[in-house]
Amino acid sequence: MYRTLKIGLSMRVVTAADYAERRDAISQEWMLLLESWGAIPVLIPNTFSDIGALLEMVDLVILTGGNDVTVDARGVSISESNDAAKERDLQEYRIIDLCIAKGIALLGVCRGMQLINYRFGGKVEAVDKQWHVASEHNVSFKKSRFDSVLRGISCVNSYHKFGITEKTLGSGLEVLATSEDHAIEAFTHNQYPIVGIMWHPERNEIFSDIDRLLVREIVNQTTSKLN
């Protein structure tokens, strides 16, 4: 019998119309998805300082999508965007470092995967919008320790204008899946319990059981290393 997972979720930053304030927000789809998994969500604010205390509550953290990454892990500007959220970038780099230090499983989704890549010295580059913006495409998976789960996936959704290739992949990251135009669709770290995926599990019209099993497998592999 599986125990109930507590999953930390990062949040996008939005500017409220007619109000001079920035807000942390998350799609309701994430709540529906986690409820379908039988998991409990723990929301991680972008301006809360003691995130280490929040991470003590969770089994896994998901870095969710939204907002462009505009600073690197040192806080140095790497791009400009109308959808920038420096406070989120810096908070999520801290989350990655704390997950590594505490041995907490981490899953990056779309932007989250891109930010993980930056954390390990990688970059992103523009992708073909016809393939990757509001579309679906086939993926090919490489043999890995996640074979038992990922081999059930053949097609994924896609909502990103930037992507990662072999040339821009960060240090220590290993490719799990690629699209037909050679963009990396999933990776894992060769040392830490970190996985990145470019598709959005929460945006599937019917939630995929494979995404739930992937999360469970990341947590299981983390737990087995700690025991």
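Chains are numbered independently. Their residues run from 1 in the order of the written sequence. The predicted nature of this model means local features are confined to residues of pLDDT at least 70 and side-chain atom pairs, given and counted, to a pLDDT of 80 or more, with totals for whole chains, interfaces and linings taken over all residues. Hydrogens and water are ignored here; the side-chain numbers use all heavy atoms of the structure.

## Topic: the nonpolar core
Note the threshold: Only buried residues count toward a nonpolar core. Its members are Ala, Val, Leu, Ile, Met, Phe, Trp, Tyr and Cys residues joined through side-chain atoms within 4.5 Å. Each residue is placed in one exposure class: buried if its accessible area under a 1.4 Å probe, protein chains only, is under 20% of its type's maximum, exposed if it is over 50%, and partly exposed if it falls in between. Only DSSP runs of H or I with at least four residues qualify as helices, and only runs of E with at least two residues qualify as strands; both kinds are numbered from the N terminus onward. For this analysis, residues touch if any pair of their heavy atoms sits within 4.5 Å.
Counting 60 residues, the largest nonpolar core has Ile7, Val61, Ile62 and Ile116 as the members making the most contacts within it. The greatest single-element share of this core, amounting to 5 residues, is contributed by helix α7 (residues 209–226). Beyond its immediate stretch of four places on either side in the chain, Ile7 contacts Leu34, Trp37, Ala39, Ile40, Pro41, Val42, Val58, Leu60, Ile62 and Val215.

## Structural notes on empty space enclosed by the protein
Put simply, the rule reads: In this analysis the probe radius is 1.4 Å and the grid spacing 1 Å, with only protein atoms considered; a cavity is a set of points the probe fits into but cannot get out of, a pocket is an open set with protein on both sides within 12 Å along at least five of seven lines, and lining residues have an atom within 4 Å of a point. Grid points are joined across faces, edges and corners, and a volume is the space filled by probe spheres set on the points. All amino acids are sorted into three groups, where Ala, Val, Leu, Ile, Met, Phe, Trp, Tyr, Cys and Pro are nonpolar, Asp, Glu, Lys and Arg are charged, and the leftover types, Gly among them, are polar.
All chains considered together, the criterion is met by 2 cavities of 30 Å³ or more. Reported here for the largest cavity is a volume of approximately 50 Å³. Along the walls of the largest cavity sit 11 residues, with Arg145, Phe146, Pro193, Ile218 and Gln221 positioned nearest its centre. Put simply, the parts of the chain that give the lining of the largest cavity at least two residues each are β13 (194–197) and α7. Taken together, the residues of the lining of the largest cavity sort by class into 6 nonpolar, 3 polar and 2 charged. Volume-wise, the second largest cavity comes out at about 40 Å³. Lining the second largest cavity we find Leu5, Ile7, Trp37, Ala39, Arg212, Val215 and Arg216. The element contributing the most residues to the lining of the second largest cavity is α7, with 3 residues.

## Comments concerning the sheet that holds strand β8 (residues 133–141)
The following threshold applies: Only when DSSP finds a minimum of two bridges between them are two strands counted as paired. Fitted lines through C-alpha atoms serve as axes, helices being fitted only where they are in contact, and the angles separating the N-to-C directions of these axes extend from 0 to 180 degrees.
Pairing is mixed in the open sheet, where 9 strands are placed in the order β4-β1-β5-β6-β13-β12-β11-β8-β9. Taken across any chain shown, the strands that pair with only one partner, and hence form the sheet edges, are β4 (40–44) and β9 (155–159). Between one strand axis and the next, the sheet turns by 25° as a mean value, whatever way the strands run. For β8 and strand β11 (residues 173–179), the ladder comprises 3 bridges, and the chain directions are antiparallel. In the sheet register, Phe141 faces β11, and the bridge partner there is Ala177. Its contacts with the sheet put helix α1 (residues 28–37) on β1 (6–10), β4, β5 (60–63) and β6 (105–109), and the angle it makes with β1 is roughly 165°. Across the sheet, helix α3 (residues 86–102) touches β1, β4, β5, β6 and β13, and the angle it forms with β5 is around 155°.

## Some points on the pairing of strand β2 (residues 12–15)
Across 4 bridges, the pairing between β2 and strand β3 (residues 22–25) is antiparallel. Bridge pairing in β3 links Arg12 to Ala25. Between the antiparallel neighbours β2 and β3 lie 6 residues, among them Asp18 with a positive phi of about 70°.

## Notes on the pairing of β1
In terms of burial, β1 is largely enclosed, as 4 of its 5 residues are buried. With 5 bridges joining them, β1 and β4 adopt parallel strand pairing. Within β4, the position partnered with Ile7 by the bridge is Pro41. Where β1 lies against β5, 3 bridges are found, and the strand directions are parallel.

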